[in-house]
Amino acid sequence: MINVRAADAEMNAAIAHARDTLPTFWASYDAPKPTEYGHCLKVRFAGDGYVEQIWMADVEKLPDGKYSGRFGNDPDNLPGKNIFDQAEFEQADITDWMFMRNEKIVGGETIKLLLKSMPKETADAMRARMEPPPH
């Protein structure tokens, strides 16, 4: 987990780009190619005094226009919530998306930004797992 201030301009730009490209996620989610799987959304949840962003797996579209998913990790500041717990959220709370294609991560705008905060070895390993951007 990496703490980022809510006023961080770079993070806000990464979130804006992720939201702008969300149709790419939904297109793959709705009709995945045989090499596409592992669709996850990063979602903002209000915790004790601040906001926590958590990757949600097993994403589902609900009939009421909301979404559901399972926490991909243990929340730090959401009392009573644990990894694999199911939670509902709205599109406005989505801050990033990713899925796997040909064993590479597609999307992950906030991950790309956080690479510079990681130890070099960890960041290099993560970069190797990410699909290069289209030219």
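Structure shown above.
Presented here is an overview of the structure given in this document.

Parameters and conventions
Residues numbered from 1 in each chain as written. Predicted model: local features only at pLDDT ≥ 70, side-chain atom pairs only at ≥ 80, totals over all residues. Heavy atoms only, no water. Helix = DSSP H or I, 4+ residues; strand = E, 2+ residues; numbered from the N terminus. Buried < 20%, exposed > 50% of the residue type's maximum accessible area, 1.4 Å probe, protein only. Lys, Arg positive; Asp, Glu negative; His and termini not counted. Salt bridge = Lys/Arg side-chain N within 4 Å of Asp/Glu carboxyl O. Polar contact = N/O pair within 3.5 Å; in protein donor to acceptor, adjacent residues only side chain to side chain. Contact = heavy atoms within 4.5 Å.

**So, the side chain of Lys 42**
Along the chain, the position of Lys 42 falls in strand 1 (residues 36–46). The buried charged residue Lys 42 lacks any salt bridge, with Asp 96 as its nearest oppositely charged partner at 5.2 Å. At 3.0 Å, the side chain of Lys 42 and the side chain of Thr 110 are in polar contact. Apart from residues lying up to four places away in sequence, Lys 42 is in contact with Gln 53, Ile 54, Trp 55, Asp 93, Ile 94, Thr 95, Asp 96, Thr 110 and Leu 114.

**Section: the pattern of salt bridges**
All told, the structure shown has nine salt bridges when counted by the stated rule. Across the pair Lys 120 and Asp 124 runs a salt bridge, and its minimum N-O distance is 2.6 Å. With Lys 120 and Asp 124 both in helix 4 (residues 120–129), this residue pair falls four residues apart, about one helical turn. Using a relative accessible area of 33% as the deciding quantity, one classes Asp 124 as partly exposed. Where salt bridges share partners, they join Glu 36, Arg 101 and Glu 131 into one cluster.

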